[in-house]
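Chain by chain, the residues:
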Amino acid sequence: MLKSLSTALDVLTKFTPRNPDWGLRELAKEMEMNHTVLYRILKTFEDKGFLIQDELTKKYELGSKIYDLLAVVQSKVNLSDLVVPLMKELSEVIEETVFLTWKDGYHGKTVEISESTQQIKFAVSIGYKTPLYVGASTKVMMAFLDEKEQLAIIKKGTEKFTDHTLVTEKEILSDLRKIKQAGWCYSEGEFAEDVFGIGVPIFGNGGKIVASLTVAGPVYRIYEEKKKECLKRLLDKKTEIEKHIKLLNCNTYH
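Residues numbered from 1 in each chain as written. Predicted model: local features only at pLDDT ≥ 70, side-chain atom pairs only at ≥ 80, totals over all residues. Heavy atoms only, no water.

Here's the deal with helix α8 (residues 169–182)
Now for step 1: With 14 residues, α8 should cover 20 Å at 1.5 Å per step; its first-to-last C-alpha distance of 20 Å lies within 8% of that length.
Now for step 2: Among all positions in α8, only Ile172, Leu173, Asp175, Leu176 and Ile179 are buried. One side of α8 holds all its buried residues, which, seen down the axis, span an arc of 160°. Within α8, the exposed residues directed more than 90 degrees away from the buried face are Lys170, Arg177, Lys178 and Gln181.
Now for step 3: Residues of α8 that are buried make contact with α6 (136–142), α7 (147–155) and β7 (185–188).
Now for step 4: Positive backbone phi, at 90°, marks Gly183, one or two positions downstream of α8. (Helix = DSSP H or I, 4+ residues; strand = E, 2+ residues; numbered from the N terminus. Expected span 1.5 Å × (residues − 1). Buried < 20%, exposed > 50% of the residue type's maximum accessible area, 1.4 Å probe, protein only. Arc of directions from axis to C-beta. Contact = heavy atoms within 4.5 Å.)

See the structure below:
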């Protein structure tokens, strides 16, 4: 009985974003399973609502019962429970501060921080808000807004936080185009003197920009090879975080 249950669960795991539907014969071939045995498993899942069969293609796909179970998981799990361990892992490896910034109107709000263990480090507080036009963590979000919204942010007024802060419409829009093309943002001393930031965008359902993940630290500790390593690891964590956001269908951070 346990072996049969294990086999049935193996069948369910074959339904993935890459392969969301299966025909009986192709799935039997994939799993090297007897057609009759597999048909009985698929039919049982269909009767219980875990799978449905398309009338035209005759292929099976996940049914409503699966989404009922997913809703239970979503109600019990906070995004922060999944994101914080990823951030801590990253900050320990690169030995710099890592923070998650959530888009909040015309600002970016820091919602999670994993501080560097180094004595000299970049420090930021949870709940701190930064204008979207300044610094890697926020500009990397602003770059993926439409130009109409970008202009609205700029027309709200800009402030020169340091000598490196871009404040004119022309230079900000030009910088945002470069960031969007690159897919990430690097800044030095824009919001705080002698601080570097490397930020990557975080997208939610529908490809909407919702947040960013950033590594920051003192400028004297950054060099080309470390910059490349930080970016690679940020992109890896970005992918994981986006999966969690889409799975939990998060519009706000909690």
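On we go.
Focus: the sheet that holds strand β8 (residues 195–203)
Now for step 1: Spatially, β6-β5-β4-β9-β8-β7 is the arrangement adopted by the 6 strands of the open sheet, whose pairing is antiparallel. With one partner strand each, in any of the chains shown, β6 (129–131) and β7 form the two edges of the open sheet. If you compare each strand with its neighbour and ignore which way they point, the axes differ by 30° on average.
Now for step 2: With 3 bridges joining them, strand β5 (residues 107–114) and β6 adopt antiparallel strand pairing. If you follow Gly108 over to β6, its bridge partner there is Thr130.
Now for step 3: The strands touched by helix α5 (residues 79–94) within the sheet are β4 (97–104), β5 and β9 (209–218), with β4 carrying the most contacts at an inclination of about 140°. (Pairing = 2+ DSSP bridges. Axes fitted to C-alpha atoms, helices over the stretch in contact; angles between N-to-C directions.)

A closer look at the pairing of β5
Now for step 1: Pairing analysis gives 7 bridges linking β4 to β5, with the strands arranged antiparallel. For Lys103, the partnering residue across the bridge sits in β5 and is Gly108.
Now for step 2: Taking the residues between adjacent antiparallel strands as the criterion, β4 and β5 are bridged by 2 residues, where Gly105 takes a positive phi near 65°.

Side note on the pattern of salt bridges
Now for step 1: For the structure shown, the criterion picks out 18 salt bridges.
Now for step 2: A salt bridge links Glu46 to Lys43; the nearest nitrogen and oxygen atoms lie 3.6 Å apart. In this pair, Glu46 and Lys43 are both assigned in helix α3 (residues 35–47), 3 residues apart and thus about one turn of the helix distant.
Now for step 3: Under the relative-accessibility criterion, Lys43 is labelled partly exposed at 32%.
Now for step 4: Taken together, the salt bridges that share partners define one network made up of Glu89, Lys237 and Glu240. (Salt bridge = Lys/Arg side-chain N within 4 Å of Asp/Glu carboxyl O.)

Section: the sheet that holds strand β1 (residues 21–22)
Now for step 1: Taken together, the 3 strands give an open sheet; going across it, the order is β1-β3-β2, and neighbouring strands pair in antiparallel fashion. Looking at which strands have only one partner, the edges of the open sheet turn out to be β1 and β2 (51–53).
Now for step 2: Bridge analysis of β1 against strand β3 (residues 60–62) gives 2 bridges, and the strand direction is antiparallel. Bridge pairing in β3 places Trp22 opposite Tyr60.
Now for step 3: On top of the sheet, α3 reaches β2 and β3; it is set at about 105° to β2, its chief contact.

Digging into the confidence of the model for the chain
Now for step 1: Confidence along the chain averages 90 in pLDDT terms, with 95% of residues attaining 70 or more.
Now for step 2: Confidence, expressed as mean pLDDT per element, reaches its minimum in the chain at helix α4 (residues 64–76) with 70 and its maximum at α6 with 97. (pLDDT = per-residue confidence, 0-100.)

A look at the nonpolar core
Now for step 1: Formed by 26 residues in total, the largest nonpolar core has its most connected members in Leu213, Val215 and Ile245.
Now for step 2: Mapped by element, the contributors of at least two residues to this core are α5, β4, β8, β9 and α9 (224–248).
Now for step 3: Among the nonpolar cores identified, the runner-up in size contains 18 residues, and Ile153, Ile172, Cys185 and Phe203 belong to it. (Core = buried A, V, L, I, M, F, W, Y, C linked by side-chain atoms within 4.5 Å.)

Structural notes on the packing of α7 against α8
Now for step 1: It is at 11 Å that the axes of α7 and α8 come closest, and there the two elements cross at 140°. It follows that α7 is oblique to α8 by the angle criterion. The element α7 and its partner α8 pack so that their crossing is right-handed. Along the contact surface, α7 presents Glu147, Gln150, Leu151, Ile154 and Lys155, while α8 presents Glu169, Ile172, Leu173 and Leu176.
Now for step 2: Split into classes, the residues belonging to the contact of α7 with α8 amount to 5 nonpolar, 1 polar and 3 charged. (Parallel < 35°, antiparallel > 145°, perpendicular 65-115°, else oblique. Left-handed = near helix turned anticlockwise from the far one by under 90°. Nonpolar A, V, L, I, M, F, W, Y, C, P; charged D, E, K, R; others polar.)

Things to note about the environment of Ile198
Now for step 1: Mapping Ile198 onto the fold places it in strand β8.
Now for step 2: Here the alpha-carbon distance between Ile198 and Glu188, two residues 10 residues apart in the chain, equals 9.1 Å.
Now for step 3: Setting aside residues no more than four positions away along its own chain, Ile198 makes contact with Ala136, Trp184, Cys185, Tyr186, Leu213, Thr214, Val215, Ile222, Lys227, Cys230, Leu231 and Leu234.

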